[in-house]
Amino acid sequence: MATILGGGLAGMATWASHYPLDLLSARMQAAASSKDPPMKMLGHFRQILVQQGLSGLFRGIGPCLLRAFPVNATIFLTYELCMK
């Protein structure tokens, strides 16, 4: 049980810590296909802060964290079982 809980929480902590960077990366990839001139990561960061505030960097994190717990718990449990 400790392995499941530890794996799930570790996965959630990992996603929570780097989610804003992943969001910026996704924005840059989506903008690459538009006709607007390309913006660097700092430009997207500023745009989000101006338009949505600091919470804009964490928009959509809920479903990501809900997915992260079972996925990482399963990975940790599988690893532990295979090591026995």
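Here the structure is a predicted model, which is why all the values come from computation and not from measurement.

**Q** Give me the overall build of the protein: which residues, what numbers.
**A** When helices and strands are counted, the protein shows three helices and zero strands. Relative to the globule expectation of 12 Å for 84 residues, the C-alpha radius of gyration of the protein, 17 Å, shows a markedly less compact shape. On the principal axes, the C-alpha backbone points of the protein span a range of 55 × 25 × 15 Å. Taking all 84 residues of the protein together, 20% fall into the buried category.

**Q** Go over the side chain of His 44 with me, naming the residues and quoting the values.
**A** As for its position among the elements, His 44 is in helix 2 (residues 41–52). Every residue in contact with His 44, bar those within four places of it in the chain, is listed here: Leu 24, Arg 27, Met 28, Ala 31 and Met 39.

**Q** Can you explain the packing of helix 1 (residues 2–32) against helix 3 (residues 61–83)? Please cite residues and give values.
**A** Here helix 1 crosses helix 3 at 140°, and the two axes come no closer than 7 Å. Judged by the inter-axis angle, helix 1 sits oblique to helix 3. Read as a crossing pair, helix 1 and helix 3 show a hand that is right-handed. Each of Thr 3, Ile 4, Leu 5, Gly 7, Gly 8, Leu 9, Ala 10, Gly 11, Met 12, Trp 15, Ala 16 and Tyr 19 in helix 1 lies in contact with helix 3, whose residues at this interface are Ile 61, Cys 64, Leu 65, Arg 67, Ala 68, Phe 69, Asn 72, Ala 73, Phe 76, Leu 77 and Glu 80. Classifying every residue of the contact of helix 1 with helix 3 gives 16 nonpolar, five polar and two charged.

How each quantity is defined
Along each chain, numbering runs from 1 in the same order as the chain's sequence is written. Owing to the predicted nature of the model, reporting of local features is limited to residues with pLDDT of at least 70; listing and counting of side-chain atom pairs is limited to 80 or more, with chain, interface and lining totals taken over all residues. Just so you know, side-chain values use all the structure's heavy atoms and leave hydrogens and water out. Numbering of helices and strands starts at the N terminus; helices are DSSP runs of H or I of at least 4 residues and strands are runs of E of at least 2. Atoms counted for the radius of gyration: C-alpha only. Globule rule: 2.2 Å times residue count to the power 0.38. Classification of residues uses two cut-offs on accessible area relative to the type maximum, computed with a 1.4 Å probe and protein chains only: under 20% is buried, over 50% is exposed, and between them is partly exposed. We call two residues contacting when some pair of their heavy atoms lies within 4.5 Å. For every element, the axis is a line fit to its C-alpha atoms; helices are fit only across the contacting stretch, and the angle between N-to-C directions ranges from 0 to 180 degrees. Angle categories are assigned with fixed cut-offs, so that under 35 degrees is roughly parallel, over 145 is roughly antiparallel, 65 to 115 is roughly perpendicular, and the rest are oblique. For a crossing to be left-handed, the near helix must be turned anticlockwise from the far one by less than a right angle; the clockwise case is right-handed. By the convention adopted, Pro, Cys, Tyr, Trp, Phe, Met, Ile, Leu, Val and Ala count as nonpolar, Lys, Arg, Asp and Glu as charged, and the other residues, Gly among them, as polar.

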